[in-house]
Amino acid sequence: MENVDSTTLPKQDIILKYILLLAFFISGFSGLIYESIWTHYLKLFLGHSAYAQTLVLSIFMGGMALGAWLASKYLHKVNNYFLAYAIIEAIIGVAALSFHTVYVLITDFSYNTAFQWFESEASIELYKWILSSILILPQTVLLGSTFPLMSTGFVQRFPKSKGYSLSILYFSNSFGAAIGVLISGFVLINLVGLPGTLLTAGLLNFLVALLSWAVSKMLVTESIEPPHLSSNESTSHHLLKIMLIVAAFTGAASFMYEIAWVRMLSMVLGSSVHSFELMLSAFILGLAIGGFWIRNKLHKLKNPIKTLANIQIIMGLLSASTIVFYNQIFDLMAFTLQALNRTEEGYIYFNLISHSICLFVMLPATICAGMTLPLITYLLLEKGYNSRAIGWVYSANTVGSIIGIIFASQIIMPILGLEHLVVFGSLIDIILGLLILYYFNKVNIAIPVLTLFAPLLVINFFNFDPIRMSSGVFRTGHIPHNEKLEVLFSRHGKTATVAVTQFNKDNKSMAISTNGKPDAGVNSLNSKPSGDEPTMLLTGALPLAFSSNPENVAVIGIGSGLSSQVVLSSDSVKHVDTIEIEPEMVKGAKLFAPRNNLTFNDSRSKIVIGDARTFFHSSSKHYDIIISEPSNPWVSGVASLFTTEFYKLISNSLSNNGIYAQWIHIYEFDIYLLASILSAISHNFEDYMIFSTNYVDLLIISSNNQLNLSNINNIFKHQKIKKELSRIGHFKTDDLLIHYLTNKSQSLFLTKSIKPNSDYFPVVQQKADKYRFLKKSASPIHQLRLSPFFKEEEISFKKINTSQNNSFIYSTHSKASKEFTKNIKSDMIYILSQQKNLCSQENLTNIILNSISTKLNLIYTYTSKQQIEETTNILKPKNCRNPKIDNLLDALMSIHTNKHERVITSINNLKNLGLNSEQLNINLIYSLIKTNKLEEAKKVFYNSGLYKNKVASSFFVNLFHELDTN
C-alpha cells in the first residue's frame, strides 16, 4: 500500500508529518473560531444573526477563494512553502489581536458620523454590508491561502501518495474546525467573552506559525515543477475546466444544503446560538470524515472520474432523502425531552442528542461532499498538473459556495421554500454526476438518468408538516395532534420561518411564531383573553401612563400588532414607528385583524422593515416613548437588544422626559440573567420600575429622570385605551398599580455586583438557552414585592383597590385575602388545625405547615395588622400546643406586623425544631438588621448557605457593605 505511514518514512519525517498535521488541525480550529466570532460581531452591526451568518459565510468563502487563487498564481515564486505559511499564520494572529479595537472604532464612527451621510435605508444597508466585508475580507484571503501553501509543501515533502497527503490534510483542518466551533461557543465565550476568544484564536495562530517556522528551518522546499500534461490536455485543458466547473457547482449545492438544514433544524432544536454551533460542527465534521475515509483509497481507484460521478449522484440522493424523514425528527425531539430530566446532566445529554440529530441529517451527504475536493485535486495531479491545481480547485469550490449561499438565502428559500431548496441542490449534484458519466465514460446513462426523478418524487410525496414546524417541540416536548389546530400562514423569510396558527375556529384563538417559538397569542373578543394579551396590552398602556402627552413613539417588534394598537389608541400620540426586521412577520400579523386595525390602517402608524440598532443610530428623531418587545433572548441575535450598549443607544434616542419600556419574560429564565439585564439598564438610565404583567412576564419602565408612582397619568380618559384595557378587567389607575413590583433603588442591591449583559460579554445569549431547557424561572423577582425588606412601600397592596373584573394574580390574591379573613372558619386550614389528635400526627402537622407557608404568607400581604393578628389567633390549635405551628404562625404574624424581636425568637425556635428554609432565613436576617444586630445577620447569611446563591449573595453582600459604611 502506497501511503505516508511509519512503515515507509524515516523517523524524522514521521515527526515532521505529525507536527504539520497538528499545525493544520490547530489552524482549522482557530479558523472556525474566527467565523463564529465574526458572526457574533457582525450581527451586532447588521442587526440579525441570519444576515450576519449569510454575510460571514459569503465573505469567508469569497476571501478563501481569492486567497486560494492568489496562492496558486504565485506559488511558483515561493521557495519555502512552510515559511510562507508561518508568516501568513502570524499575520492572521496579529489581525485577531487588533480586530476588537478596529471593530469598535469603525462601528462607532459609522453610528455617530457616517450614517448621517445617507438619506435612504437602502444606502445605509449597503454601507453596512460593504464595511462588514472590509472588516473580515483581508483575514479570510489570508486564511484561503493557507491550504494551497500547506498542501503544496506537504505533497512535495511526501510525494509518494499525493491523494493520501491531500486527504489527510483536508481531514485534519476540517476536524479542527468542527471542534473549534464547539469550543468557541460552549466554552471560550462564556469564560473570556468575544475579545478574549479572538485573543485565544490569535495566540493559536502564533503557535501554528512557530511550529511551521520550525519545520521550515529543517527543510528546504523546491519550486513547483512545470506541469507534465498530455498534448491534448496542454492545449485544451479539457479536464481542468470541467473539474473546476464541478468543484464550483458542487460547492454551491453543498451550501444550499447547509442553509436549508440550518433552518429546518432550527425548528427542531430551537434557533439559539448553541443550536447553530451544533449544526455547523456537524456539517464540517461530515466534510472531515469524507476526506479521512478516502485518504487511502484514491490511488486504488481504477476509474477515479467514474467514482466522482457516482459520489455526486449518491450525494444528491442522500440530500433529497432528508425531506423524507424530516417530520419524524420532531417526534424524536419530543421523545428526547420527555425522557430527559431537566437537570445539568440532562442538558448535556440534550446537546449530545441534538448534535446526533444534526449528524443524522447532515453526515451522509457531507461525507460525500468531503470526498469530492480531494478526489478532484487528485485527478488533476495525476493528469500531470502541478500543485497550483490545488489552489484552483479550492478557489472554484469556494466561489460556487458563495453563489449557493446567496441564491439559497436570498432567492430560493424565501420564494420556493425549504423543500425546494434541498431538491434544487440535490438536482445540481445528480446532474453533475450524470454529465461526468456521459462526457468522460461514454456510458449509456438512460438508467442513471432515472435518479433525477427521485428528488422530484420525494417533494411530491413527502411534505413538511407545518403543524410540527410551528410546534416549538424543542421547548415543550410535545407535538399538537388536534383536528382543531390549523396553520393559516407559513412562510420562510430571510431571517426566520413565520407561522400563524389557529386553534378552535369558533373562539378563534390565534398565535404567531418564528422558527416554532410563539411570539404572541390572541383570543377572539367573545372568549377570555389569552395569556399573552395582558402583557401586550399593558406594554402599550403603562408607558403611556408615565408619559405626559407623548407624541412620537417607537415600538421594536411587531408581534401581533396589539401593543402598537394600544399606543395608537392614545389621542395625544401623533406618530408611531413599529420596527420589525422580518417582512414575513408583518404579513403574518395582518391576520390578527381587526384587533390591530390601527397598527396597519391608521395614518399615524408607520411599519419600518429593518434592524432596531441601525434605525435608532441613523435617525435624528427623539422619541417620547420607546417600547422594546422582541422575541425571547435565547433566540440567536435577539439578546443584543438586552445589552448595555443597546440601552445606551436607546437612552440617547429619548426626549428629555422620555420613557423606555422593556419587556422580558421570567419563565425559562434565571434571576441571575435578569439581574444582568437590570444591571445594564441601571448603567444607562436614571431610574426604572418593574411591573409584572401576567406573573410570567415583566415590563421594565425606565427613564433618564426620577419615576414616581404618585404622578402616574390617568390614561383611562382616552376612550379607545379604556376599551382596549377593559378586555383584561382594567378600568382605573389602581388596576395598573397592582402590577408594580419594585424600583431601581430597591433592586440596586440585587444588581450592584452583577456584571451588565454586554455585546462583547454576552452572558444572556450564552446561558439563556440552557435555562430554557432547565425550565428555570426568575420568579424570585416577585419576592422583592413580597419581601419584608420592601414592606415600607410608597404604594402598598393594602391601599390598592382594583376593579372587580381585574384578574391579575395580585388582584385575585387581594380579593381572596379579604374572603379568607371573612370566612376563615370554613377554610380547610382552620378545620385541620383544630383536630383533637393534631399533636400526635406528624403528617397532619406537615400538611398544615405547608399550607400556612404557601397561603398565609401571601394573604397577610394584603390585609391589615388587625386582621393579621385576628387570623393568627383563630388558626392557633386549641386542643394541644403544637410548637411548630405556633411558632410559624407567630413568625408570619410578627413579620407582617413588624414585631422584629418576636420574629427572631419564633424563627430561631423553628430552626431548633428542624424547620429551616431560605425564606425564613431572609426574614430572620431582615429582623436582625432592623434590631441593629448586623453581625448576627451576617452569621445567619453565611451559616444558612444563602451566600451560595449568586443573586442572594450579591444582594446581601452589597447591603451589608452599605450598612457597615453608614
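Everything discussed here concerns the structure shown above.
These numbers were taken from a predicted model, which means no experiment stands behind them. (Residues numbered from 1 in each chain as written. Predicted model: local features only at pLDDT ≥ 70, side-chain atom pairs only at ≥ 80, totals over all residues. Heavy atoms only, no water.)

Here Asp429 shows up in helix 13 (residues 418-441). For the buried Asp429, no salt bridge exists, and the shortest N-O distance to an oppositely charged side chain is 19 Å, to Lys306. For Asp429, the residues in contact, after removing those within four places along its chain, are Thr250, Ala253, Tyr257, Gln312, Ile313, Met315 and Gly316. (Helix = DSSP H or I, 4+ residues; strand = E, 2+ residues; numbered from the N terminus. Buried < 20%, exposed > 50% of the residue type's maximum accessible area, 1.4 Å probe, protein only. Lys, Arg positive; Asp, Glu negative; His and termini not counted. Salt bridge = Lys/Arg side-chain N within 4 Å of Asp/Glu carboxyl O. Contact = heavy atoms within 4.5 Å.)

Attention now moves to the sheet that holds strand 3 (residues 509-514). In spatial order, the strands read 1-2-3-4; together these four strands make up an open sheet with antiparallel pairing. If you trace the sheet from one side to the other, it starts and ends with strand 1 (485-492) and strand 4 (517-522), each paired once. Each strand of the sheet is rotated relative to its neighbour by a mean of 20°, with strand direction disregarded. Alignment of strand 3 against strand 4, held across five bridges, turns out to be antiparallel. (Pairing = 2+ DSSP bridges. Axes fitted to C-alpha atoms, helices over the stretch in contact; angles between N-to-C directions.)

A few words now on the nonpolar core. Ranked by size, the top nonpolar core spans 305 residues in total, and within it Phe616, Leu674 and Ile781 carry the most contacts. For this core, the leading source of residues is helix 11 (residues 344-382), giving 19 residues. When neighbours within four sequence positions are excluded, Leu674 is seen to be in contact with Ile664, Ile666, Phe669, Leu698, Ala778 and Ile781. (Core = buried A, V, L, I, M, F, W, Y, C linked by side-chain atoms within 4.5 Å.)

So, on to the packing of aromatic side chains. Two descriptors summarise a pair of aromatic rings, namely the distance from one centre to the other and the angle between the planes of the rings. Overall, the coordinates contain 42 aromatic pairs when judged by the stated rule. Here the aromatic rings of Trp38 and Phe99 are separated by 6.4 Å at their centres, their planes lie at 40°, and the arrangement is tilted. With a gap of 61 residues between them, Trp38 in helix 1 (residues 11-46) and Phe99 in helix 3 (residues 81-112) connect regions that are remote in the sequence. For the pair shown, Trp38 and Phe99 are each scored as buried. Judged by centre distance (6.2 Å) and plane angle (20°), the rings of Phe99 and Tyr103 are stacked. Here the residue Phe99 and the residue Tyr103 both occupy positions in helix 3, the gap between them amounting to four residues, near one helical turn. Of the two residues examined, Phe99 and Tyr103, each falls in the buried class. Among the aromatic residues, ring-to-ring pairing joins Tyr34, Trp38, Tyr41, Phe99, Tyr103 and Tyr760 into one connected group. Its end group placed over the ring of Phe773, Arg342 keeps NZ or CZ at 5.1 Å from the ring centre. One cation-aromatic arrangement involves Arg772 over Trp634; the distance from NZ or CZ to the ring centre is 4.5 Å. (Phe/Tyr/Trp six-rings, centres within 6.5 Å; stacked < 30°, edge-to-face > 60°. Lys NZ or Arg CZ within 6 Å of the ring centre and 35° of its normal.)

Further remarks concern the packing of helix 22 (residues 644-652) against helix 23 (residues 671-684). At their nearest, the axes of helix 22 and helix 23 sit 9 Å apart, and the two run at 35° to each other. Seen along the crossing, helix 22 lies across helix 23 with a hand that is right-handed. The segment helix 22 lies against helix 23, with Thr644, Tyr647, Lys648 and Ser651 engaging Ile677, Ala680, Ile681, His683 and Asn684. A breakdown of the residues in the contact of helix 22 with helix 23 according to their chemical character gives four nonpolar, four polar and one charged. (Left-handed = near helix turned anticlockwise from the far one by under 90°. Nonpolar A, V, L, I, M, F, W, Y, C, P; charged D, E, K, R; others polar.)

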